Amino acid sequence: MSNSPETFVEIRKWRGLPAHPPSDTAPLFQEKIPIAAPSLPCIEELLENFRAVLQQPYLTNGPAVEALESAAASFLGVKECVAVSSCTSGLMLVERALGLRGEVIVPSFTFCATAHSLLWNGLRPVFVDCDPHTLNAGPKQIERAITPRTSAILGVHIFGLPAPVKELRDLADRHHLRLLFDGAHAFGSRVGASKVAAWGNATVFSLSPTKPLVAGEGGLIATDDGDLAARLRQTRNYGKSADNDCEQLGLNARMTELQAVLALAGLPHVERGIDRRNYLASRYESLLGTTRGLRMQRSPFPCRNSRKDLAIVIDEARFGMSRNALEQQLARDNIETRRYFDPPLHKQKLYRSFHDPNGQSLPVTEKISTGVLCLPLHAGLPEETIVRIAERIASLQRDRSSP
Ligand SMILES: *Cc1c(COP(=O)(O)O)cnc(C)c1O
(Lines give C-alpha, C1' and ligand atoms only; values in the text may rest on other atoms or scores of the structure.)
Protein backbone atom coordinates (compact mmCIF):
# COMPACT_ATOMS: atom_id res chain seq x y z
CA MET A 1 0.00 0.00 0.00
CA SER A 2 2.65 2.53 1.00
CA ASN A 3 4.48 1.84 -2.23
CA SER A 4 1.49 2.29 -4.54
CA PRO A 5 1.91 4.89 -7.26
CA GLU A 6 -1.06 6.88 -5.88
CA THR A 7 0.55 7.26 -2.46
CA PHE A 8 3.76 8.32 -4.11
CA VAL A 9 1.95 11.06 -6.03
CA GLU A 10 0.22 12.24 -2.83
CA ILE A 11 3.53 12.48 -0.97
CA ARG A 12 5.12 14.43 -3.79
CA LYS A 13 2.17 16.84 -3.88
CA TRP A 14 2.33 17.27 -0.11
CA ARG A 15 6.01 18.14 -0.40
CA GLY A 16 5.25 20.64 -3.14
CA LEU A 17 6.92 18.60 -5.90
CA PRO A 18 5.42 17.81 -9.31
CA ALA A 19 3.11 14.79 -9.13
CA HIS A 20 5.52 12.77 -11.25
CA PRO A 21 9.27 12.98 -10.83
CA PRO A 22 10.68 14.25 -14.12
CA SER A 23 13.24 11.44 -14.38
CA ASP A 24 10.41 8.90 -14.44
CA THR A 25 8.73 10.41 -17.42
CA ALA A 26 9.81 10.55 -21.02
CA PRO A 27 10.12 14.05 -22.44
CA LEU A 28 6.91 15.37 -23.98
CA PHE A 29 8.66 15.78 -27.33
CA GLN A 30 11.33 13.50 -28.77
CA GLU A 31 12.88 16.33 -30.74
CA LYS A 32 13.52 19.85 -29.60
CA ILE A 33 10.74 22.37 -30.31
CA PRO A 34 12.59 25.61 -31.14
CA ILE A 35 11.26 28.85 -29.68
CA ALA A 36 11.49 30.59 -33.05
CA ALA A 37 12.39 29.84 -36.66
CA PRO A 38 13.10 32.36 -39.41
CA SER A 39 10.19 32.85 -41.81
CA LEU A 40 11.90 32.32 -45.12
CA PRO A 41 10.41 32.37 -48.60
CA CYS A 42 10.71 29.56 -51.15
CA ILE A 43 14.39 28.64 -51.55
CA GLU A 44 14.20 27.95 -55.30
CA GLU A 45 12.79 31.40 -55.98
CA LEU A 46 15.47 32.92 -53.75
CA LEU A 47 18.31 31.17 -55.57
CA GLU A 48 17.12 32.68 -58.83
CA ASN A 49 17.16 36.14 -57.28
CA PHE A 50 20.58 35.61 -55.69
CA ARG A 51 21.94 34.55 -59.08
CA ALA A 52 20.59 37.74 -60.65
CA VAL A 53 22.28 39.86 -57.93
CA LEU A 54 25.61 38.08 -58.35
CA GLN A 55 25.55 38.75 -62.09
CA GLN A 56 25.35 42.51 -61.72
CA PRO A 57 28.05 44.94 -60.59
CA TYR A 58 26.42 46.05 -57.33
CA LEU A 59 26.75 43.97 -54.17
CA THR A 60 25.66 46.64 -51.72
CA ASN A 61 23.32 49.64 -51.75
CA GLY A 62 22.16 48.81 -55.30
CA PRO A 63 18.81 48.30 -57.06
CA ALA A 64 17.60 45.53 -54.72
CA VAL A 65 18.10 47.79 -51.67
CA GLU A 66 16.20 50.55 -53.46
CA ALA A 67 13.41 48.16 -54.39
CA LEU A 68 13.18 46.96 -50.77
CA GLU A 69 13.06 50.54 -49.51
CA SER A 70 10.17 51.50 -51.73
CA ALA A 71 8.23 48.24 -51.18
CA ALA A 72 8.70 48.53 -47.39
CA ALA A 73 7.68 52.22 -47.37
CA SER A 74 4.41 51.37 -49.08
CA PHE A 75 3.84 48.34 -46.83
CA LEU A 76 4.49 50.47 -43.73
CA GLY A 77 2.50 53.47 -44.95
CA VAL A 78 5.37 55.97 -44.68
CA LYS A 79 7.01 58.32 -47.17
CA GLU A 80 10.55 57.04 -46.71
CA CYS A 81 12.27 53.85 -45.72
CA VAL A 82 16.06 53.70 -45.32
CA ALA A 83 17.67 50.25 -45.30
CA VAL A 84 20.57 49.77 -42.89
CA SER A 85 22.80 46.96 -41.61
CA SER A 86 20.83 46.40 -38.37
CA CYS A 87 18.20 47.89 -36.11
CA THR A 88 20.98 48.83 -33.67
CA SER A 89 22.90 50.85 -36.28
CA GLY A 90 19.62 52.36 -37.50
CA LEU A 91 18.74 53.60 -34.01
CA MET A 92 22.27 54.98 -33.58
CA LEU A 93 22.04 56.92 -36.83
CA VAL A 94 18.52 58.25 -36.19
CA GLU A 95 19.38 59.51 -32.69
CA ARG A 96 22.41 61.31 -34.07
CA ALA A 97 20.56 62.72 -37.08
CA LEU A 98 17.82 64.08 -34.82
CA GLY A 99 20.47 65.86 -32.75
CA LEU A 100 19.38 64.35 -29.43
CA ARG A 101 21.06 65.66 -26.28
CA GLY A 102 21.13 64.80 -22.58
CA GLU A 103 18.53 62.30 -21.44
CA VAL A 104 16.35 59.92 -23.40
CA ILE A 105 13.48 58.06 -21.72
CA VAL A 106 13.43 54.35 -22.47
CA PRO A 107 11.79 51.27 -20.95
CA SER A 108 13.96 49.03 -18.80
CA PHE A 109 11.97 45.98 -19.93
CA THR A 110 13.46 45.67 -23.42
CA PHE A 111 16.41 44.19 -25.30
CA CYS A 112 19.84 45.67 -24.55
CA ALA A 113 20.30 47.07 -28.08
CA THR A 114 17.55 49.66 -27.49
CA ALA A 115 19.64 51.41 -24.83
CA HIS A 116 23.02 50.58 -26.41
CA SER A 117 22.14 52.93 -29.27
CA LEU A 118 21.88 55.75 -26.72
CA LEU A 119 25.25 55.01 -25.09
CA TRP A 120 26.94 54.97 -28.50
CA ASN A 121 25.65 58.54 -28.91
CA GLY A 122 26.77 59.66 -25.45
CA LEU A 123 23.12 59.99 -24.37
CA ARG A 124 21.90 59.12 -20.90
CA PRO A 125 19.17 56.46 -20.78
CA VAL A 126 16.49 57.19 -18.16
CA PHE A 127 14.73 53.92 -17.45
CA VAL A 128 11.00 53.75 -16.80
CA ASP A 129 8.72 51.02 -15.54
CA CYS A 130 6.35 48.98 -17.71
CA ASP A 131 2.63 48.36 -17.44
CA PRO A 132 1.77 44.95 -15.93
CA HIS A 133 -0.78 44.13 -18.66
CA THR A 134 0.87 45.38 -21.84
CA LEU A 135 4.52 45.02 -20.69
CA ASN A 136 5.09 48.30 -22.58
CA ALA A 137 6.18 51.51 -20.85
CA GLY A 138 3.08 53.62 -20.19
CA PRO A 139 2.54 57.38 -20.65
CA LYS A 140 2.25 58.03 -16.89
CA GLN A 141 5.57 56.37 -16.15
CA ILE A 142 7.19 58.29 -19.00
CA GLU A 143 5.72 61.66 -18.04
CA ARG A 144 7.07 61.35 -14.49
CA ALA A 145 10.58 60.81 -15.89
CA ILE A 146 10.67 64.00 -17.99
CA THR A 147 13.20 66.59 -16.79
CA PRO A 148 14.59 69.79 -18.36
CA ARG A 149 17.42 67.61 -19.76
CA THR A 150 15.10 65.21 -21.64
CA SER A 151 15.36 65.42 -25.43
CA ALA A 152 13.42 62.36 -26.57
CA ILE A 153 11.24 59.38 -25.78
CA LEU A 154 12.40 56.08 -27.23
CA GLY A 155 9.41 53.75 -27.18
CA VAL A 156 9.45 50.01 -27.86
CA HIS A 157 6.59 47.80 -29.13
CA ILE A 158 7.40 44.89 -26.86
CA PHE A 159 6.92 41.46 -28.47
CA GLY A 160 4.98 43.23 -31.26
CA LEU A 161 2.24 44.71 -29.06
CA PRO A 162 1.96 48.39 -30.04
CA ALA A 163 3.02 50.92 -27.41
CA PRO A 164 0.37 53.57 -26.53
CA VAL A 165 1.42 55.62 -29.55
CA LYS A 166 -1.29 58.31 -29.41
CA GLU A 167 -0.61 59.18 -25.78
CA LEU A 168 3.13 59.16 -26.37
CA ARG A 169 2.76 61.51 -29.32
CA ASP A 170 0.63 63.92 -27.24
CA LEU A 171 3.20 63.75 -24.45
CA ALA A 172 6.08 64.41 -26.84
CA ASP A 173 4.21 67.34 -28.44
CA ARG A 174 3.33 68.90 -25.08
CA HIS A 175 6.92 68.70 -23.82
CA HIS A 176 8.60 69.47 -27.18
CA LEU A 177 10.39 66.15 -27.29
CA ARG A 178 11.39 63.95 -30.18
CA LEU A 179 9.61 60.60 -30.36
CA LEU A 180 11.17 57.54 -31.88
CA PHE A 181 10.38 53.87 -31.72
CA ASP A 182 12.39 50.70 -31.59
CA GLY A 183 10.10 48.60 -33.77
CA ALA A 184 12.40 45.55 -33.84
CA HIS A 185 9.45 43.30 -32.94
CA ALA A 186 6.71 45.16 -34.72
CA PHE A 187 7.04 44.93 -38.52
CA GLY A 188 3.38 44.55 -39.54
CA SER A 189 1.92 45.59 -36.16
CA ARG A 190 -0.94 48.08 -36.41
CA VAL A 191 -2.85 50.50 -34.24
CA GLY A 192 -6.38 50.62 -35.58
CA ALA A 193 -5.99 50.82 -39.34
CA SER A 194 -2.51 52.33 -39.46
CA LYS A 195 0.87 50.63 -39.17
CA VAL A 196 2.94 51.47 -36.08
CA ALA A 197 5.47 53.39 -38.21
CA ALA A 198 2.90 56.17 -38.70
CA TRP A 199 3.76 57.58 -35.25
CA GLY A 200 6.81 59.49 -34.12
CA ASN A 201 9.79 60.99 -35.95
CA ALA A 202 11.02 57.55 -36.98
CA THR A 203 10.57 53.85 -36.29
CA VAL A 204 13.44 51.40 -36.68
CA PHE A 205 12.73 47.75 -37.54
CA SER A 206 15.07 44.77 -37.31
CA LEU A 207 15.39 42.15 -40.04
CA SER A 208 17.47 39.67 -38.01
CA PRO A 209 16.46 36.00 -38.09
CA THR A 210 13.82 35.90 -35.32
CA LYS A 211 11.98 39.05 -36.41
CA PRO A 212 8.74 39.18 -38.47
CA LEU A 213 10.60 40.01 -41.71
CA VAL A 214 14.04 38.47 -42.23
CA ALA A 215 17.08 39.62 -44.21
CA GLY A 216 19.62 37.51 -42.29
CA GLU A 217 20.79 40.76 -40.70
CA GLY A 218 19.45 44.20 -41.41
CA GLY A 219 17.27 47.09 -40.36
CA LEU A 220 14.73 49.49 -41.86
CA ILE A 221 14.22 53.08 -40.74
CA ALA A 222 10.70 54.32 -41.50
CA THR A 223 9.92 58.04 -41.47
CA ASP A 224 7.73 60.70 -43.11
CA ASP A 225 10.57 63.21 -42.81
CA GLY A 226 12.33 63.52 -46.17
CA ASP A 227 15.23 65.57 -44.79
CA LEU A 228 15.87 63.01 -42.06
CA ALA A 229 15.85 60.21 -44.66
CA ALA A 230 18.34 62.10 -46.86
CA ARG A 231 20.69 62.58 -43.90
CA LEU A 232 20.41 58.90 -43.03
CA ARG A 233 21.19 57.81 -46.61
CA GLN A 234 24.41 59.78 -46.24
CA THR A 235 25.35 58.72 -42.71
CA ARG A 236 24.80 55.02 -43.37
CA ASN A 237 27.50 55.43 -46.02
CA TYR A 238 30.28 56.96 -43.82
CA GLY A 239 28.60 60.40 -44.02
CA LYS A 240 30.13 60.77 -47.49
CA SER A 241 28.78 63.41 -49.87
CA ALA A 242 28.97 63.16 -53.67
CA ASP A 243 32.24 65.15 -53.72
CA ASN A 244 33.85 63.12 -50.90
CA ASP A 245 33.86 66.18 -48.65
CA CYS A 246 32.29 64.83 -45.43
CA GLU A 247 29.94 67.22 -43.64
CA GLN A 248 28.68 64.81 -41.02
CA LEU A 249 29.90 61.79 -39.12
CA GLY A 250 28.68 58.49 -40.48
CA LEU A 251 29.61 54.85 -40.39
CA ASN A 252 29.27 51.85 -42.62
CA ALA A 253 25.71 50.74 -41.93
CA ARG A 254 24.82 49.66 -45.45
CA MET A 255 22.66 46.72 -46.41
CA THR A 256 23.94 44.32 -49.03
CA GLU A 257 21.97 43.39 -52.15
CA LEU A 258 21.76 39.77 -51.00
CA GLN A 259 20.09 40.79 -47.75
CA ALA A 260 17.69 43.05 -49.62
CA VAL A 261 16.74 40.20 -51.98
CA LEU A 262 15.97 37.95 -49.00
CA ALA A 263 13.77 40.60 -47.35
CA LEU A 264 12.04 41.48 -50.64
CA ALA A 265 11.07 37.85 -51.16
CA GLY A 266 9.75 37.63 -47.60
CA LEU A 267 7.68 40.81 -47.70
CA PRO A 268 4.63 39.35 -49.52
CA HIS A 269 4.40 36.63 -46.82
CA VAL A 270 4.62 38.86 -43.74
CA GLU A 271 0.85 39.28 -43.25
CA ARG A 272 0.22 35.55 -43.59
CA GLY A 273 2.94 34.83 -41.01
CA ILE A 274 1.38 37.31 -38.59
CA ASP A 275 -2.06 35.76 -39.13
CA ARG A 276 -0.70 32.32 -38.40
CA ARG A 277 1.18 33.42 -35.27
CA ASN A 278 -1.92 35.24 -34.05
CA TYR A 279 -3.98 32.11 -34.56
CA LEU A 280 -1.45 29.98 -32.64
CA ALA A 281 -1.25 32.66 -29.92
CA SER A 282 -5.03 32.57 -29.59
CA ARG A 283 -4.78 28.79 -29.03
CA TYR A 284 -2.28 29.39 -26.21
CA GLU A 285 -4.64 32.02 -24.80
CA SER A 286 -7.70 29.84 -24.83
CA LEU A 287 -5.84 26.87 -23.33
CA LEU A 288 -3.93 28.85 -20.69
CA GLY A 289 -6.22 31.84 -20.14
CA THR A 290 -7.78 30.45 -16.98
CA THR A 291 -4.59 28.93 -15.53
CA ARG A 292 -4.05 30.29 -12.04
CA GLY A 293 -0.92 32.39 -11.60
CA LEU A 294 -0.28 32.76 -15.34
CA ARG A 295 -0.87 35.90 -17.40
CA MET A 296 -0.34 37.00 -20.99
CA GLN A 297 0.16 40.38 -22.68
CA ARG A 298 -3.09 42.30 -23.17
CA SER A 299 -3.74 45.54 -25.07
CA PRO A 300 -6.25 48.14 -23.79
CA PHE A 301 -6.93 49.34 -27.36
CA PRO A 302 -7.69 47.58 -30.67
CA CYS A 303 -4.49 46.68 -32.48
CA ARG A 304 -2.75 44.05 -34.54
CA ASN A 305 0.17 42.43 -32.73
CA SER A 306 2.90 41.00 -34.98
CA ARG A 307 3.31 38.32 -32.26
CA LYS A 308 7.03 38.17 -32.60
CA ASP A 309 7.03 36.42 -29.22
CA LEU A 310 4.49 34.82 -26.95
CA ALA A 311 5.30 35.69 -23.35
CA ILE A 312 3.70 34.24 -20.25
CA VAL A 313 4.21 35.81 -16.83
CA ILE A 314 4.28 33.39 -13.91
CA ASP A 315 3.24 34.45 -10.43
CA GLU A 316 5.12 31.84 -8.42
CA ALA A 317 2.87 31.94 -5.34
CA ARG A 318 -0.33 31.37 -7.32
CA PHE A 319 1.07 29.13 -10.05
CA GLY A 320 2.72 26.93 -7.44
CA MET A 321 6.03 26.76 -9.30
CA SER A 322 8.73 29.30 -10.05
CA ARG A 323 9.46 30.56 -13.56
CA ASN A 324 12.89 28.94 -13.33
CA ALA A 325 11.44 25.57 -12.31
CA LEU A 326 8.92 25.76 -15.15
CA GLU A 327 11.70 26.65 -17.57
CA GLN A 328 13.69 23.59 -16.43
CA GLN A 329 10.70 21.28 -16.70
CA LEU A 330 9.93 22.50 -20.22
CA ALA A 331 13.60 22.04 -21.17
CA ARG A 332 13.36 18.41 -20.00
CA ASP A 333 10.32 18.12 -22.27
CA ASN A 334 12.44 19.40 -25.18
CA ILE A 335 10.53 22.68 -25.31
CA GLU A 336 12.82 25.64 -25.87
CA THR A 337 11.95 28.83 -23.97
CA ARG A 338 13.64 32.21 -23.34
CA ARG A 339 13.74 34.63 -20.44
CA TYR A 340 12.99 37.82 -22.36
CA PHE A 341 13.86 40.21 -20.66
CA ASP A 342 15.64 39.09 -17.52
CA PRO A 343 17.61 40.84 -16.10
CA PRO A 344 15.94 44.09 -17.17
CA LEU A 345 18.28 46.83 -18.37
CA HIS A 346 18.50 48.88 -15.16
CA LYS A 347 19.78 45.75 -13.38
CA GLN A 348 22.45 44.88 -15.95
CA LYS A 349 26.09 45.61 -15.06
CA LEU A 350 26.52 48.06 -17.93
CA TYR A 351 23.47 50.10 -16.95
CA ARG A 352 23.32 49.95 -13.15
CA SER A 353 25.21 53.22 -12.77
CA PHE A 354 22.72 54.97 -15.06
CA HIS A 355 19.82 54.07 -12.83
CA ASP A 356 19.30 56.57 -10.05
CA PRO A 357 18.24 54.60 -6.97
CA ASN A 358 16.68 57.77 -5.56
CA GLY A 359 14.77 58.34 -8.78
CA GLN A 360 11.83 56.29 -10.03
CA SER A 361 11.55 52.76 -8.75
CA LEU A 362 10.62 50.10 -11.29
CA PRO A 363 8.59 47.60 -9.25
CA VAL A 364 6.54 46.14 -12.13
CA THR A 365 9.62 45.55 -14.30
CA GLU A 366 11.45 43.94 -11.39
CA LYS A 367 8.55 41.61 -10.63
CA ILE A 368 7.68 40.74 -14.22
CA SER A 369 11.25 40.06 -15.29
CA THR A 370 11.51 37.25 -12.70
CA GLY A 371 8.25 35.69 -13.94
CA VAL A 372 8.43 36.10 -17.70
CA LEU A 373 9.02 33.21 -20.09
CA CYS A 374 8.65 33.18 -23.87
CA LEU A 375 7.18 30.02 -25.41
CA PRO A 376 7.63 28.53 -28.89
CA LEU A 377 5.67 30.50 -31.50
CA HIS A 378 6.38 30.54 -35.19
CA ALA A 379 4.36 30.10 -38.34
CA GLY A 380 5.72 26.60 -39.02
CA LEU A 381 4.58 25.08 -35.71
CA PRO A 382 1.69 22.64 -35.98
CA GLU A 383 -1.33 23.59 -33.86
CA GLU A 384 -1.09 20.19 -32.18
CA THR A 385 2.34 21.13 -30.79
CA ILE A 386 0.94 24.33 -29.24
CA VAL A 387 -1.92 22.36 -27.68
CA ARG A 388 0.48 19.85 -26.12
CA ILE A 389 2.78 22.56 -24.76
CA ALA A 390 -0.15 24.50 -23.28
CA GLU A 391 -1.66 21.38 -21.74
CA ARG A 392 1.68 20.47 -20.19
CA ILE A 393 2.00 23.93 -18.60
CA ALA A 394 -1.59 23.85 -17.31
CA SER A 395 -1.06 20.38 -15.84
CA LEU A 396 2.09 21.51 -14.02
CA GLN A 397 0.02 24.22 -12.33
CA ARG A 398 -2.71 21.74 -11.37
CA ASP A 399 -0.17 19.28 -9.99
CA ARG A 400 1.33 21.98 -7.82
CA SER A 401 -1.71 23.73 -6.43
CA SER A 402 -3.29 22.64 -3.21
CA PRO A 403 -6.94 21.54 -3.45
C1 LIG B 1 16.54 42.31 -31.93
C2 LIG B 1 16.31 43.62 -31.26
C3 LIG B 1 17.12 44.73 -31.54
C4 LIG B 1 18.37 44.63 -32.36
O5 LIG B 1 18.14 44.38 -33.69
P6 LIG B 1 19.42 44.14 -34.63
O7 LIG B 1 18.84 44.18 -36.00
O8 LIG B 1 19.98 42.82 -34.27
O9 LIG B 1 20.37 45.26 -34.37
C10 LIG B 1 16.80 45.94 -30.99
N11 LIG B 1 15.75 46.07 -30.15
C12 LIG B 1 14.95 45.03 -29.83
C13 LIG B 1 13.79 45.26 -28.92
C14 LIG B 1 15.24 43.76 -30.35
O15 LIG B 1 14.50 42.70 -30.00
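All values reported here derive from a predicted model rather than from experimental measurement. (Residues numbered from 1 in each chain as written. Predicted model: local features only at pLDDT ≥ 70, side-chain atom pairs only at ≥ 80, totals over all residues. Heavy atoms only, no water.)

Now for the site of the ligand. Residues in close proximity to the ligand total 14 residues, the closest being Thr-88, Asp-182, His-185, Ser-206 and Lys-211. His-185 places a side-chain nitrogen or oxygen 2.6 Å from an oxygen atom of the ligand. With respect to the ligand, the side chain of Lys-211 contributes an N or O atom lying 3.0 Å from an oxygen atom. Protein contact buries 89% of the 380 Å² of open area that the ligand shows by itself. Residues belonging to the shell around the ligand are distributed by class as follows: 4 nonpolar, 8 polar and 2 charged. (Near = heavy atom within 4 Å. Polar contact = N/O pair within 3.5 Å; in protein donor to acceptor, adjacent residues only side chain to side chain. Areas by Shrake-Rupley, 256 points an atom, 1.4 Å probe, with all protein chains shown as cover. Nonpolar A, V, L, I, M, F, W, Y, C, P; charged D, E, K, R; others polar.)

Moving on to the pairing of strand E8 (residues 202–206). Burial of E8 is extensive: 5 of the 5 residues sit out of reach of the surface. Pairing of strand E5 (residues 178–182) with E8 involves 3 bridges; the strand directions are parallel. Across the sheet, Asp-182 pairs through a bridge with Val-204, a residue of E8. With 4 bridges connecting them, E8 and strand E9 (residues 219–223) associate as antiparallel partners. Each residue of the ladder has a partner; that of Phe-205, found in E9, is Leu-220. (Buried < 20%, exposed > 50% of the residue type's maximum accessible area, 1.4 Å probe, protein only. Helix = DSSP H or I, 4+ residues; strand = E, 2+ residues; numbered from the N terminus. Pairing = 2+ DSSP bridges.)

Moving on, we come to empty space enclosed by the protein. This structure, assessed with the given rule, holds 2 cavities of 30 Å³ or more. Estimates place the volume of the largest cavity at around 80 Å³. Of the residues belonging to the lining of the largest cavity, the class tally is 6 nonpolar, 3 polar and 4 charged. The two domains that each donate at least three residues to the lining of the largest cavity are domain 1 (5–38 + 270–401) and domain 2 (43–266). Of the pockets and cavities examined, the second largest cavity occupies roughly 40 Å³. (1 Å grid on protein atoms, 1.4 Å probe; cavity = no way out; pocket = protein on both sides within 12 Å on 5 of 7 lines; lining within 4 Å. Points joined across faces, edges and corners; volume = space filled by probe spheres on them. Domains from an automatic or database assignment.)

Attention now moves to the packing of aromatic side chains. The relation between two aromatic rings is expressed through the spacing of the ring centres and the mutual angle of the planes. Within the structure shown, the criterion is met by 8 aromatic pairs. Centroid distance Phe-109 to Phe-159: 6.3 Å. Interplanar angle 90 degrees. Geometry classified as edge-to-face. Remark: Phe-159 occurs in the loop between strand E4 (150–156) and helix H7 (165–174) and Phe-109 occurs in the loop between strand E2 (103–107) and helix H5 (112–120); sequence separation between them is 50 residues. In this structure, Phe-109 and Phe-159 share a single accessibility class: buried. An aromatic cluster of at least three residues, connected via ring pairs, comprises Phe-109, Phe-159, Tyr-340 and Phe-341. A cation over a ring is seen here: Lys-195 above Phe-75, with NZ or CZ 4.4 Å from the ring centre. (Phe/Tyr/Trp six-rings, centres within 6.5 Å; stacked < 30°, edge-to-face > 60°. Lys NZ or Arg CZ within 6 Å of the ring centre and 35° of its normal.)

Before going further, it helps to spend a moment on the sheet that holds E9. Spatially, the 7 strands line up as an open sheet ordered E1-E9-E8-E5-E4-E2-E3, and their pairing is mixed. Among the strands making up the open sheet, the edge pair consists of strand E1 (80–84) and strand E3 (124–128). Averaged over all neighbouring strand pairs, the angle between strand axes comes to 25 degrees, with direction disregarded. Strand direction decides the pairing type here: E4 and E5, joined by 5 bridges, are parallel. Looking at the pairing, Leu-154 lines up with Leu-180 of E5. (Axes fitted to C-alpha atoms, helices over the stretch in contact; angles between N-to-C directions.)

Each domain of the protein chain was delimited in the assignment, giving domain 1 (5–38 + 270–401) and domain 2 (43–266). Taken over C-alpha atoms, the centre of domain 1 sits 29 Å from the centre of domain 2. Listed by partner, the interface residues are 44 residues for domain 1 and 47 residues for domain 2. Buried surface at the junction of domain 1 and domain 2, summed over both partners, amounts to about 3,800 Å²; 63% is from carbon and sulfur atoms. (Contact = heavy atoms within 4.5 Å. Buried area = accessible area lost by both parts, 1.4 Å probe.)

What follows deals with the pairing of E2. Consecutive side chains of a regular strand alternate in pointing toward one face of the sheet and then the other. Burial analysis of E2 places 5 of its 5 residues in the buried class, which makes it a mostly covered element. The two faces of E2 match: Glu-103, Ile-105 and Pro-107 on one face and Val-104 and Val-106 on the other face are all buried. Two strands pair when backbone bridges link them, and E2 and E3 are joined in this way by 5 bridges, in the parallel orientation. Directly across from Pro-107, in E3, lies its bridge partner Val-128.

The peptide bond linking Tyr-340 to Phe-341 adopts the cis configuration, its omega dihedral lying at 0 degrees. Its location among the elements puts Phe-341 in the loop between helix H12 (323–332) and helix H13 (363–371). For the bond running from Asp-342 to Pro-343, omega is 0 degrees, close enough to zero to count as cis. One can find Pro-343 in the loop between H12 and H13. Of note in the backbone geometry, Leu-135 takes a positive phi value of approximately 70 degrees without being a glycine.

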